[in-house]
Every structure is written in structure tokens, then in C-alpha cells.
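# Structural characterization, general
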Amino acid sequence: MLTRKQHELLRFIQQRLQDDGVPPSFDEMKEALDLRSKSGIHRLIMGLEERGFIRRLPNRARALEIVKLPEQAVVGGVPRGKFNPSVIEGSLGKVRPSPPPAPSSSPAHDHDDAPSEVISIPVMGRIAAGTPISAIQSRSATISMPPDMLGSGEHFALEVRGDSMIEAGINDGDTVVIRRQETANNGDIIVALIDDEEATLKRLRRHGSSIALEAANPAYETRVLGTDRVRIQGRLVSLFRRY
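Residues numbered from 1 in each chain as written. Predicted model: local features only at pLDDT ≥ 70, side-chain atom pairs only at ≥ 80, totals over all residues. Heavy atoms only, no water.

Looking now at the overall build of the chain. Each helix and strand counted, the chain has three helices and eleven strands in total. Taken from the N to the C terminus, the helices and strands of the chain come in the order α-α-α-β-β-β-β-β-β-β-β-β-β-β. Buried residues in the chain amount to 40% of all 243 residues. Just so you have it, the chain exposes about 13200 Å², and 48% of that area is on carbon and sulfur atoms. (Helix = DSSP H or I, 4+ residues; strand = E, 2+ residues; numbered from the N terminus. Buried < 20%, exposed > 50% of the residue type's maximum accessible area, 1.4 Å probe, protein only. Areas by Shrake-Rupley, 256 points an atom, 1.4 Å probe, with all protein chains shown as cover.)

All right, on to the pairing of strand β5 (residues 155-161) then. With respect to burial, β5 is a largely interior element, five of its seven residues being buried. Pairing of strand β3 (residues 119-128) with β5 involves four bridges; the strand directions are parallel. Considered in β5, the bridge of Arg 126 is made with Glu 159. As paired strands, β5 and strand β6 (residues 175-180) are joined by five bridges and run antiparallel to one another. Across the sheet, His 155 pairs through a bridge with Arg 179, a residue of β6. (Pairing = 2+ DSSP bridges.)

What follows is about the confidence of the model for the chain. On average, residues of the chain score 76 in pLDDT, and 74% of them reach the 70 mark or higher. Overall, residues 104-115 carries pLDDT values under 50, and its contacts beyond four positions in sequence, including any with other chains, amount to two contacts. (pLDDT = per-residue confidence, 0-100. Contact = heavy atoms within 4.5 Å.)

So, on to the pattern of salt bridges. Under the definition given, this model contains ten salt bridges. Close ionic contact of Arg 180 with Glu 154 constitutes a salt bridge, the shortest N to O distance being 3.4 Å. Of this pair, Arg 180 sits in strand β6 while Glu 154 sits in the loop between β4 (141-145) and β5; the two residues are 26 residues apart in sequence, bridging distant segments of the chain. Close ionic contact of Glu 159 with Arg 161 constitutes a salt bridge, the shortest N to O distance being 3.4 Å. Taking the relative accessible area as the measure of exposure, Glu 159 reaches 23% and is therefore partly exposed. Classification of Arg 161 by relative accessible area gives partly exposed; the value is 30%. Among the charged side chains, a network of salt bridges with common partners joins Arg 36, Arg 43, Asp 195, Asp 228 and Arg 229. (Salt bridge = Lys/Arg side-chain N within 4 Å of Asp/Glu carboxyl O.)

Once that is clear, we can look at unusual backbone geometry. In this model, Asp 34 sits at a positive phi of 60°, which is unusual for a non-glycine residue. Structurally, the position occupied by Asp 34 is in the loop between α2 (26-33) and α3 (38-50).

Looking now at the side chain of Thr 200. By secondary structure assignment, the location of Thr 200 is in strand β8 (residues 198-207). A polar contact of 3.0 Å, which involves the side chain of Thr 200, links it to the side chain of Lys 202. (Polar contact = N/O pair within 3.5 Å; in protein donor to acceptor, adjacent residues only side chain to side chain.)

Attention now goes to the packing of aromatic side chains. The final tally for this structure, using the stated rule, is zero aromatic pairs. A cation over a ring is seen here: Lys 68 above Phe 53, with NZ or CZ 4.8 Å from the ring centre. (Phe/Tyr/Trp six-rings, centres within 6.5 Å; stacked < 30°, edge-to-face > 60°. Lys NZ or Arg CZ within 6 Å of the ring centre and 35° of its normal.)

Below, the discussion takes up α3. Taking 1.5 Å as the rise per residue, α3 with 13 residues should run 18 Å; its terminal C-alpha atoms sit 18 Å apart, in good agreement. Buried within α3 we find Gly 40, Ile 41, Leu 44, Ile 45, Gly 47 and Leu 48. Seen from one end, α3 has its buried residues packed into an arc of 160°, which puts them on one side. Of the surrounding secondary structure, the elements contacted by the buried residues of α3 are α1 (4-20), α2, β1 (54-56) and β2 (64-66). Gly 52 occupies a position one or two residues after α3 and carries a positive phi of about 80°. (Expected span 1.5 Å × (residues − 1). Arc of directions from axis to C-beta.)

Turning to the side chain of Asn 217, a few remarks are in order. Within the secondary structure layout, Asn 217 lies in the loop between β9 (210-214) and β10 (223-226). Looking at Asn 217, the relative accessible area reads 11%, which means it is buried. In this view, Asn 217 contacts Asp 163, Ser 164 and Ile 166; residues no more than four positions away in its chain are not counted.

Here the focus is the packing of α1 against α2. Interaxial distance between α1 and α2 falls to 10 Å at its minimum, and their mutual angle equals 125°. By the angle between their axes, α1 is oblique relative to α2. Of the two possible hands of crossing, α1 and α2 adopt the one that is right-handed. Judged by residue contacts, Lys 5, Glu 8, Leu 9, Phe 12, Ile 13 and Arg 16 of α1 engage Glu 28, Met 29, Ala 32 and Leu 33 from α2. When grouped by side-chain class, the residues that make up the contact of α1 with α2 number six nonpolar, no polar and four charged. (Axes fitted to C-alpha atoms, helices over the stretch in contact; angles between N-to-C directions. Parallel < 35°, antiparallel > 145°, perpendicular 65-115°, else oblique. Left-handed = near helix turned anticlockwise from the far one by under 90°. Nonpolar A, V, L, I, M, F, W, Y, C, P; charged D, E, K, R; others polar.)

What follows is the structure in C-alpha cells.
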């Protein structure tokens, strides 16, 4: 699954190859996608190459070859420039007040083994806890949780890749449950979208007009970015681990 920026870049390269017979330059790609730097284009190119959509030809400047195109013209129905998990509307992922218990003349202990209400949380893909990777915007599964572990609001889950949050108890392969919100407090572990392109799981620290995305592993540096470069997509509320 491609992000919208990756999809836009792939279509732009395809169009230029059809029109001119040569791929666009990095400057032309940066201007076409309205990005701030060519490093963003480099990351998108690497992502497309890793997913097998393009091939870079050795020893030739600006040599790109399209290997395949995505089957769908629209990726995940996600608005341009914002990571927004496609959570199904309705009760999925939302905590609703429990209805009052029905009156019964049976002894209370007859219901001791009855299953409690659970909430289905959509698993929306993978999130990096290390060097940022593109967020995958597709519902891949669901997990069930009791409402008292969630609180109010709408939730989604992501599979963790990387080890930058291990000292916060978050390991590679864990599944994190995220409450969907656009604000957070200092010290919260959040899903952050960087430059409208890459999503990562980090601890939030505010420093004046800057935002620090802090790892919980001394092997990783804290990234300090302008507030215009970071969008908060949600806050960590729970975690699952398989043994």
C-alpha cells in the first residue's frame, strides 16, 4: 500500500516518462509535490523502490524505470497531506456507555461466567519506533478490548516496527492502541506525522516554537522540528504483546 505522496510521485514520474521519454529531476519532483527539500523526494523514491514500483538504473543520472503501478488510483481514500486511518464509522473502535443490566430474578452468581462487553479496534498497519517509515493506511485486522482499558473516544491500533521505544516498554512487534486526537501533553507517547509524509511513534516534548520527538533508546537521537512540520495523529493508551 502506498501513501498518497508516494502515489502522486509515481504518477508524476510515469507522466513525464510518457511525455518526454526521461524521468523528472529531483527539483522538478520537489516542486510538483510541493515539498520543502529534496531529501523528502529521496525518501519517497526509496520507499517506491523498496515496494517494487520503480527501479533505479546504475551509472545513469536521473535513470528511473517504472516496474509496476498500483491497482487503485486512489490510495486508501486519505485526504492529501494528512495521515488519517480509515476507521470504519459506527461502533468499531468507539467506546459506548454500557446499557443498564436487564432485571433478572436469577441469582447473581448465575451470571458470573458471562462474557463482558468488548470493543473491536481496527489494526491500521505499521508504525515506526525508530527511523520514520511511511504509515500503511489499510485496515489489516481487528483486536478486541474491554472498554475500561480504553476510555472515551475513537481508537485504532498499529503494529510497531523498530526498537527506539524499548525503554518505554514498547518492543518491535508489539501492537499499540492509539486514541485518535490532534493534541497531546508533554511526555505523552504519540503518533506523529512528519512533513505530511512519514509517521513515527515517539514521546512528545515541546520547546518553545519547536517540537522534540524523543526516543526511549539512547542509540537514537531526539529529533527537534518546527511545529509546522509535525502533526499529532493520536496518543498511546494501551499495548498488546504476543509471546
